[in-house]
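The lines below spell out each chain.
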Amino acid sequence: MIELEGLPELVDPVLIAAFEGWNDAGEASSGVIAHLESAWKAEPLIALDPDDYYDFQVTRPVVEMNDGLTQSIMWPTTRLLRARPAGAERDIVLLRGIEPNMRWRSFCADIIEICRELGVELAVMLGALLNDSPHTRPVPILGGATDATLARSTNLELSRYEGPTGIVGVLQHAFGQAGLDAISLWASVPHYVAQPPNPKATLALLRRLEDVLEIPMPLGDLDEEARAWERGVDELASQDTEVAEYVKELEERKDAAELPEASGDAIAAEFERYLRRRDRDTDS
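What you see is a predicted model; the values in this text were computed from it and never measured.

1. So, the pattern of salt bridges
Within this structure, the stated rule accounts for 10 salt bridges. Here R90 and D12 are joined by a salt bridge, their closest N and O atoms 3.4 Å apart. Of the two residues, R90 is situated in the loop between β5 (78–83) and β6 (92–98) and D12 in the segment before β1 (14–20); the sequence distance between them amounts to 78 residues. Assessed through its relative accessible area of 49%, D12 is described here as partly exposed. Its salt-bridge partner being E249, residue R253 comes within 2.9 Å of it at the nearest N-O pair. Residue R253 and its partner E249 are located together in helix α7 (residues 241–257), separated by four residues, close to a single helical turn. With relative accessibility at 40%, the residue E249 sits in the partly exposed group. Here the salt bridges share partners, and the residues they tie into one network are R82, R84 and D91.

2. Re the packing of helix α5 (residues 199–213) against helix α6 (residues 222–238)
It is at 8 Å that the axes of α5 and α6 come closest, and there the two elements cross at 140 degrees. The angle between the axes of α5 and α6 places the two elements in the oblique class. Here α5 and α6 pass one another in a crossing that is left-handed. In this structure, α5 uses P199, K200, T202, L203, L206 and R207 to contact α6, whose residues at the interface are L222, D223, E225, A226, W229 and E230. When grouped by side-chain class, the residues that make up the contact of α5 with α6 number six nonpolar, one polar and five charged.

3. Regarding the nonpolar core
Judged by nonpolar contacts, the single largest core of 40 residues is most densely connected at L126, L209 and L213. Ranked by the residues each element gives to this core, the list is headed by α5, at eight residues. Not counting residues within four places of it along the chain, the set of residues in contact with L126 comprises I16, A17, A18, S29, V32, I33, V168, L185, L205 and L209. Counting residues in hydrophobic clusters, the runner-up holds 33 residues, among them I2, L7, I46 and Y54.

4. Side note on the packing of helix α2 (residues 104–118) against helix α4 (residues 167–177)
Orientation of α2 relative to α4, taken along the N-to-C sense of each, is 55 degrees, at an axis distance of 10 Å. Between α2 and α4, the interaxial angle falls into the category oblique. Relative to α4, α2 is oriented so that their crossing is right-handed. The segment α2 lies against α4, with W104, F107, C108, I111, I112 and C115 engaging I167, V170, L171, A174 and F175. The residue inventory of the contact of α2 with α4, partitioned by class, reads 11 nonpolar, no polar and no charged.

5. Details of the domain arrangement of the protein chain
Segmentation of the protein chain into domains returns domain 1 (14–221) and domain 2 (240–283). Joining domain 1 to domain 2, the criterion identifies three salt bridges. A salt bridge links R137 to D255; its shortest N-O distance comes to 2.8 Å. At the boundary of domain 1 and domain 2, one finds four residue pairs in polar contact (both at pLDDT 80 or more).

6. With respect to a nonpolar patch on the surface
Together, V63, M65, I73 and W75 make up a nonpolar patch on the protein surface, roughly 370 Å² of accessible area in all. By secondary structure assignment, the location of I73 is in strand β4 (residues 69–74).

7. What about the packing of aromatic side chains?
A full pass over the atoms with the stated rule returns four aromatic pairs. Between Y53 and F107 the ring centres are 5.3 Å apart and the planes differ by 85 degrees, which places this aromatic pair in the edge-to-face class. Remark: F107 occurs in helix α2 and Y53 occurs in the loop between β2 (43–47) and β3 (62–66); sequence separation between them is 54 residues. With relative accessibility at 5%, the residue Y53 sits in the buried group. Here the aromatic cluster, defined as three or more aromatic residues joined through ring pairs, consists of F19, Y53 and F107.

8. Let's talk about α5
Since one α-helical turn is 3.6 residues long, residues separated by three or four positions face the same way. Over its 15 residues, α5 runs 21 Å from end to end, which matches the ideal 21 Å to within 8%, given 1.5 Å per residue. Summarising burial for α5: 14 of the 15 residues are buried, a large majority. E214 lies just past α5 and shows a positive phi near 55 degrees.

9. Remarks on the sheet that holds β2
As a general point, the strands of a sheet are linked pairwise by backbone hydrogen bonds and lie either parallel or antiparallel. Strand order in this open sheet of seven strands is β2-β5-β6-β1-β7-β9-β8, and the pairing throughout is mixed. Looking at the sheet topology across the chains shown, the edges are occupied by β2 and β8 (141–145). Shown here is a sheet whose adjacent strand axes are inclined to one another by a mean of 25 degrees, direction ignored. The pairing of β1 with strand β7 (residues 122–131) spans five bridges and is classified as parallel. Looking at β7, one finds that V14 is bridged to L122.

Parameters and conventions
Residues numbered from 1 in each chain as written. Predicted model: local features only at pLDDT ≥ 70, side-chain atom pairs only at ≥ 80, totals over all residues. Heavy atoms only, no water. Salt bridge = Lys/Arg side-chain N within 4 Å of Asp/Glu carboxyl O. Helix = DSSP H or I, 4+ residues; strand = E, 2+ residues; numbered from the N terminus. Buried < 20%, exposed > 50% of the residue type's maximum accessible area, 1.4 Å probe, protein only. Axes fitted to C-alpha atoms, helices over the stretch in contact; angles between N-to-C directions. Parallel < 35°, antiparallel > 145°, perpendicular 65-115°, else oblique. Left-handed = near helix turned anticlockwise from the far one by under 90°. Contact = heavy atoms within 4.5 Å. Nonpolar A, V, L, I, M, F, W, Y, C, P; charged D, E, K, R; others polar. Core = buried A, V, L, I, M, F, W, Y, C linked by side-chain atoms within 4.5 Å. Domains from an automatic or database assignment. Polar contact = N/O pair within 3.5 Å; in protein donor to acceptor, adjacent residues only side chain to side chain. Patch = residues over 30% accessible without salt bridge, like charges linked within 9 Å, V, L, I, M, F, W, Y side chains within 5 Å. Areas by Shrake-Rupley, 256 points an atom, 1.4 Å probe, with all protein chains shown as cover. Phe/Tyr/Trp six-rings, centres within 6.5 Å; stacked < 30°, edge-to-face > 60°. Expected span 1.5 Å × (residues − 1). Pairing = 2+ DSSP bridges.

Now the structure itself:
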């Protein structure tokens, strides 16, 4: 059972959720939540009881020491935090968790119960997957939605994946079954450079999230970090002929599959993003 007493009243809240683990290639999606939590100075709301959903021999707690003495134990769990971005007229609920080891249906029921109590009617799930995308090209973002109207209104490029899923897919489906709107945004991370962090994929998710919610996202140093990451991968690839040839093949395949120039939708989305940022900078 979860204790819901004492939760605050929020204004038109939207949930942004990501989970470490299977759903989080390059830690790109959990990186979004960590970034927003810091940038927006998010405040804790509630945490799920880790005994209900985690196998501590699989997902182990972490001990913190001070001068050789045990200071604290950090238990694996899922936490929800509250943020109000500057200039926004709604609250944001950030969900930062580790994919549970067991009782996924009960886990989803708890998350939905909390969201109902908070007044959340829209959830955006973030994920990242390994793919054969070249690191030198824009990060592809695919999505899913609980209904076709929501997908159209957010201009999602829908994924056609069928197969094993993680907690992101299960939770999105549970939201739909509960009558709540939910979408998912998935970043494609090059499988040949899977080690975290991947700031380029995190940045791509943030920008797509900005388009969906029409709320300016704080990017901080992510632009610079993404460029540095790409330069670093370029250097590593140049030192291995096979990798360099493979990257070139992926680039050619990617370029051949795309239109020779940007689509009208892409241009419009970029212009709208520019206007939102300009207005935000003017107001500040």
